[in-house]
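# Structural description and commentary
Given next are the chains, with one letter for each unit.
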Amino acid sequence: MSFSSDEVNFLVYRYLQESGFLHSSYVFGIESHISQSNINGALVPPAALLTILQKGLLYTEVEWSVGEDGEVARPIEGLSLIDAVMPEVKPPKPVVKTEPGKPGVDSTAPAATNANSNVKAEIKVEPGTGNAGATKSSSSTTGTTTPTESTNEVDSSGSAAASANNAASGASNGNGTQAATAGSTNATAPAAGDSSATAASGANKKANSSEPGSSTAANNAGNANATSTDDAASSTSTNGNSNTSSSAEQPSSGAAPAGAAVSTSNPDTAAAAAGATAAGAKASTAAVTIRVGAQPNNAAAGTATAQSSAPSGTISSSTGGTPAPVEAMEIDQSIEIPESKARVLRGHESEVFICAWNPSRDLLASGSGDSTARIWDMSDANTNSNQLVLRHCIQKGGAEVPSNKDVTSLDWNCDGSLLATGSYDGYARIWKTDGRLASTLGQHKGPIFALKWNKSGNYILSAGVDKTTIIWDASTGQCTQQFAFHSAPALDVDWQTNQAFASCSTDQRIHVCRLGVNEPIKTFRGHTNEVNAIKWCPQGQLLASCSDDMTLKIWSMNRDRCCHDLQAHSKEIYTIKWSPTGPGTNNPNTNLILASASFDSTVRLWDVERGSCIHTLTKHTEPVYSVAFSPDGKHLASGSFDKCVHIWSTQTGQLVHSYKGTGGIFEVCWNSKGTKVGASASDGSVFVLDLRKF
């Protein structure tokens, strides 16, 4: 008999996921390097650890019941797991009958008792799920239309095969949402059901960020003073209060605040997740938060999330403070998007981290933890929602096999003729709109967290856990230049021009680099925690960055320190987006604004010129993972783990449309005409909202 630490770690990792301990499983997976093991998670049955523990407990009962002569002297039943591993609790050995003239063996040590030792915990595992204690529930979507879909499957070798309707999205968990496929073994946020998470572009980004040199909690704490001094003279907005807040701010749910002691005495409120997922949850200095990947579960309307849920829905703080629970805000019935305007797309077998519209046609691309990307034809002429399945495969033993890794980033080129995808298998791929694989880009040594085409469409930029960024020649698929300036995983990249770009990292730094130059042309310092996202303004003059340090900073190439240090959010800021307005855009007469989405459940709109908050959008009750402006800049879509997509007026800050899906929302995006909003969710669903005739 033999077993390795990798095998033990994997079983523990899966147990944590299946029990709903999402953050713990994510952190454990990172520290134990689950993604680097060779274990095929698809072959490991649900509740594997519990099964082997139960067998071990039965063996111990038999061992303790049998005397040295091999006879059962006193049967021991109902032995608890704790008693079985505590030598001092071991009952006295039964007296062995001896032959005349031979001394008997008698143990006189007192036997400790355990009040619960005779009570066995019964764990029920539904077939086809990895959920301990889960009950069957229908995964059908109430009040939404699920059109008939035809599926064409294309693997990364370029071969296509027709498959039957892939409408069924997998086993259901206790919340009535899809359970994730148990095949993925990357060390990322657990995924599936309402509590899946990490994601790419996020949801993604942070798995495996505990590589050597990455910023740990200790590093973050140690660097705080050194980095914060860089911004001593920068402009700081500390009030952050909206001048015209759309509604009264409420206590936010999500990650526990710094120093908070999180009570999770009811782990069953978190949906069990099977299979690792992408770029998501992470451990920071103050609290464990979710990225892409480990997302909080929507335990109950108006309560704190799974990562901070006490039985009463409150957060128990070690400082003695007890914030009031978040109350779900009622949505006006008149603004709810009707069922007839929502098309729910089923096919993915795990959480869907990312989605993006083709810039020329109504094709919606999506990337999932099931190691596939899909292209959905959402044109009005196509009522069947045809989908192309782009299977991400790797070479193994001379054959193409599924990578079993999450697809966490994707981006269309400028004319919509090519789709680039980034995966946790370390490869970027370029696909044609008919689903054929054009190129495979292999240079990264680990998961890819971000992927972007430049405006000309001749280069692709990627960022990975290997701490590097790479510019690829899109026509040849070759690495043009690799930049290794970060000391920890690179989380996001954004082009400034066709040859210059910025990158951010868990090392708290932002580098601006240019093709052909072997050193950064600019380095921005000032954040005191991981920098989650960066975005250049439409003119390419200002760079916005957001961080786990709860700040939003604006940088200029003409200054070493940030122009604005915007401090209003009360928790980590996950993503940011600029409006497509101002000089040089299609909306030159509309003011430029910046949107920020946070784990404090709010979205804020900023006047960057003044460095002030224009509106605070507070209808969400869970962390907000995505925001997107309409092409005319008049509306903003936001997606949260409360399963809701909200459409806001950027002028008034008022909520104008709302739709509640069946899973936590990872990504929202507008089509090029501004008539449809796509969204991807943690339960494997993708849906499209038609906003015409509203």
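All values reported here derive from a predicted model rather than from experimental measurement.

Each value, and the rule that gives it
- Residues numbered from 1 in each chain as written.
- Predicted model: local features only at pLDDT ≥ 70, side-chain atom pairs only at ≥ 80, totals over all residues.
- Heavy atoms only, no water.
- Helix = DSSP H or I, 4+ residues; strand = E, 2+ residues; numbered from the N terminus.
- Buried < 20%, exposed > 50% of the residue type's maximum accessible area, 1.4 Å probe, protein only.
- Contact = heavy atoms within 4.5 Å.
- Areas by Shrake-Rupley, 256 points an atom, 1.4 Å probe, with all protein chains shown as cover.
- Expected span 1.5 Å × (residues − 1).
- Patch = residues over 30% accessible without salt bridge, like charges linked within 9 Å, V, L, I, M, F, W, Y side chains within 5 Å.
- Salt bridge = Lys/Arg side-chain N within 4 Å of Asp/Glu carboxyl O.
- Pairing = 2+ DSSP bridges.
- Axes fitted to C-alpha atoms, helices over the stretch in contact; angles between N-to-C directions.
- pLDDT = per-residue confidence, 0-100.
- Phe/Tyr/Trp six-rings, centres within 6.5 Å; stacked < 30°, edge-to-face > 60°.
- Polar contact = N/O pair within 3.5 Å; in protein donor to acceptor, adjacent residues only side chain to side chain.
- Lys, Arg positive; Asp, Glu negative; His and termini not counted.
- Core = buried A, V, L, I, M, F, W, Y, C linked by side-chain atoms within 4.5 Å.
- Parallel < 35°, antiparallel > 145°, perpendicular 65-115°, else oblique.
- Nonpolar A, V, L, I, M, F, W, Y, C, P; charged D, E, K, R; others polar.

### What to know about the overall build of the chain
Of regular secondary structure, the chain possesses five helices and 41 strands. The proportion of buried residues among the 694 residues of the chain is 57%. Put simply, of all contacts in the chain between residues at least 6 apart along the chain, 61% involve residues at least 24 apart. Summed over all atoms, the accessible surface of the chain reaches about 27,300 Å², with 50% contributed by carbon and sulfur.

### Section: helix α3 (residues 48-65)
With 18 residues, α3 ought to run about 26 Å at 1.5 Å a step, and its terminal C-alpha atoms sit 26 Å apart, in line with that. If you check which residues of α3 are buried, you get Ala 48, Leu 49, Leu 50, Leu 57, Thr 60, Glu 61, Trp 64 and Ser 65. Lining the buried residues of α3 we find α1 (5-18) and α4 (81-85).

### Quick word on a nonpolar patch on the surface
The grouping of Ile 52, Leu 53 and Leu 81 at the surface amounts to a nonpolar patch, some 250 Å² of accessible area in total. Structurally, Leu 81 is set in helix α4. Leu 81 gets classed as partly exposed once you look at its relative accessible area, which sits at 43%.

### Structural notes on the pattern of salt bridges
Per the counting criterion, the structure on display carries 15 salt bridges. One salt bridge connects Asp 683 with Arg 346, and the closest N-O pair in it is separated by 3.6 Å. On the criterion of sequence distance, the pair formed by Asp 683 in the loop between β40 (676-681) and β41 (686-690) and Arg 346 in the loop between β8 (342-345) and β9 (352-357) is long-range, its members being 337 residues apart. Across the pair Asp 492 and Lys 452 runs a salt bridge whose closest N-O atoms are separated by 3.8 Å. Here Asp 492, found in strand β23 (residues 490-495), pairs with Lys 452, found in strand β19 (residues 448-453); they are 40 residues apart in sequence, far enough to count as distant. Taking relative accessible area as the criterion, Asp 492 reaches 2% and is therefore assigned buried.

### With respect to α1
The end-to-end C-alpha distance of α1 is 20 Å, a good match for the 20 Å that 14 residues give at a rise of 1.5 Å each. Residues of α1 that are buried: Asn 9, Phe 10, Tyr 13, Arg 14, Leu 16, Gln 17 and Glu 18. Taken together, the buried residues of α1 touch α2 (22-31). Looking at the residues trailing α1, positive phi occurs at Gly 20, about 90°.

### Observations regarding the sheet that holds strand β18 (residues 437-442)
Pairing in this open sheet of four strands is antiparallel, and the strands run β15-β16-β17-β18 from one edge to the other. Edge positions in the open sheet fall to β15 (407-412) and β18, since each of these has one partner strand only. Across the sheet, the mean angle separating the axes of adjacent strands is 20° when strand polarity is ignored.

### Things to note about the confidence of the model for the chain
For the chain, mean pLDDT is 73; residues scoring 70 or higher make up 62% of the total. Low confidence marks residues 158-331, where pLDDT is under 50. Its contacts with residues over four positions away, or in another chain, come to 625 contacts.

### A look at the packing of aromatic side chains
For the structure shown, the criterion picks out 13 aromatic pairs. Grouped by ring-pair contacts, the aromatic residues Phe 353, Tyr 574, Phe 599, Tyr 625, Phe 641 and Phe 666 constitute a single cluster.

### Here's the deal with the environment of Ser 630
Locating Ser 630 in the fold gives a position in the loop between β35 (624-629) and β36 (635-640). The class of Ser 630 is buried, set by a relative accessible area of 2%. With residues near it in sequence (within four places) discarded, Ser 630 still touches Pro 580, His 635 and Trp 670. There is a polar contact of 3.4 Å between the side chain of Ser 630 and the backbone nitrogen of Lys 634.

### Topic: the pairing of strand β38 (residues 655-660)
Two strands pair when backbone bridges link them, and strand β37 (residues 644-649) and β38 are joined in this way by five bridges, in the antiparallel orientation. Bridge pairing in β38 links Val 645 to Tyr 659. Between β37 and β38, which pair antiparallel and follow one another directly, the connecting turn spans five residues, one of which, Gly 653, has a positive phi of 80°.

### Quick look at unusual backbone geometry
Here Ser 371, not a glycine, exhibits a phi torsion of approximately 65°, which is positive. You can see Ser 371 is positioned in the loop between β10 (363-368) and β11 (372-377). You can call Ser 371 buried: its relative accessible area is 6%. For Lys 467, which is not glycine, the phi torsion reads 75° and is therefore positive. Checked against the element boundaries, Lys 467 lands in the loop between β20 (459-464) and β21 (469-473). Overall, Lys 467 belongs to the partly exposed group, its relative accessible area being 23%.

### Some points on the pairing of strand β16 (residues 418-423)
Counting buried residues in β16 gives six out of six residues, a clear majority hidden from the surface. Burial along β16 is two-sided: Leu 418, Ala 420 and Gly 422 and Leu 419, Thr 421 and Ser 423, pointing in opposite directions, are all buried. In this sheet, β16 lies alongside β15 in antiparallel orientation, the contact comprising five bridges. For Trp 412, the partnering residue across the bridge sits in β16 and is Leu 419. Between β15 and β16, which follow one another and run antiparallel, lie five residues, and Gly 416 among them has a positive phi close to 75°. Sheet topology note: the β16/strand β17 (residues 427-432) ladder contains five bridges and is antiparallel. Along β17, the bridge assignment pairs Leu 418 with Lys 432.

### A few points about the sheet that holds β37
With antiparallel pairing, the four strands of this open sheet are ordered in space as β35-β36-β37-β38. The open sheet has two edge strands, β35 and β38, and neither has a second partner. With direction set aside, neighbouring strand axes in the sheet form an average angle of 15°. Relative to β37, β36 runs antiparallel, the two being bridged by five bridges. Among the inter-strand pairings, Ala 637 is bridged to a residue of β37, identified as Ile 647.

### Re the side chain of Asp 600
With respect to the secondary-structure elements, Asp 600 resides in the loop between β32 (593-598) and β33 (603-607). No salt bridge forms around the buried Asp 600; measuring N to O, its nearest opposite-charge neighbour Arg 604 is 5.2 Å away. Here Ser 570 takes part through its backbone nitrogen, which lies 3.0 Å from a polar atom of the side chain of Asp 600. A polar side-chain atom of Asp 600 sits 2.7 Å from a polar atom in the side chain of Thr 602.

### Looking at the nonpolar core
Membership of the largest hydrophobic core comes to 17 residues, with the highest contact counts inside it found for Val 645, Val 677, Phe 687 and Leu 689. Those elements that place two or more of their residues in this core are β8, β37, β39 (665-670), β40 and β41. With sequence-adjacent residues up to four places away left out, Val 677 is seen in contact with Trp 357, Ala 637, Val 645, Ile 647, Cys 669, Trp 670, Phe 687, Val 688, Leu 689 and Leu 691.

### Focus on the packing of α1 against α3
α3 packs onto α1 with a crossing angle of 115° between their chain directions and a minimal axis gap of 8 Å. Put simply, α1 runs roughly perpendicular to α3. Residues Leu 11, Val 12 and Tyr 15 of α1 lie in contact with α3, whose contacting residues are Ala 48, Leu 49 and Leu 50. Class assignment for the residues of the contact of α1 with α3 results in six nonpolar, no polar and no charged.

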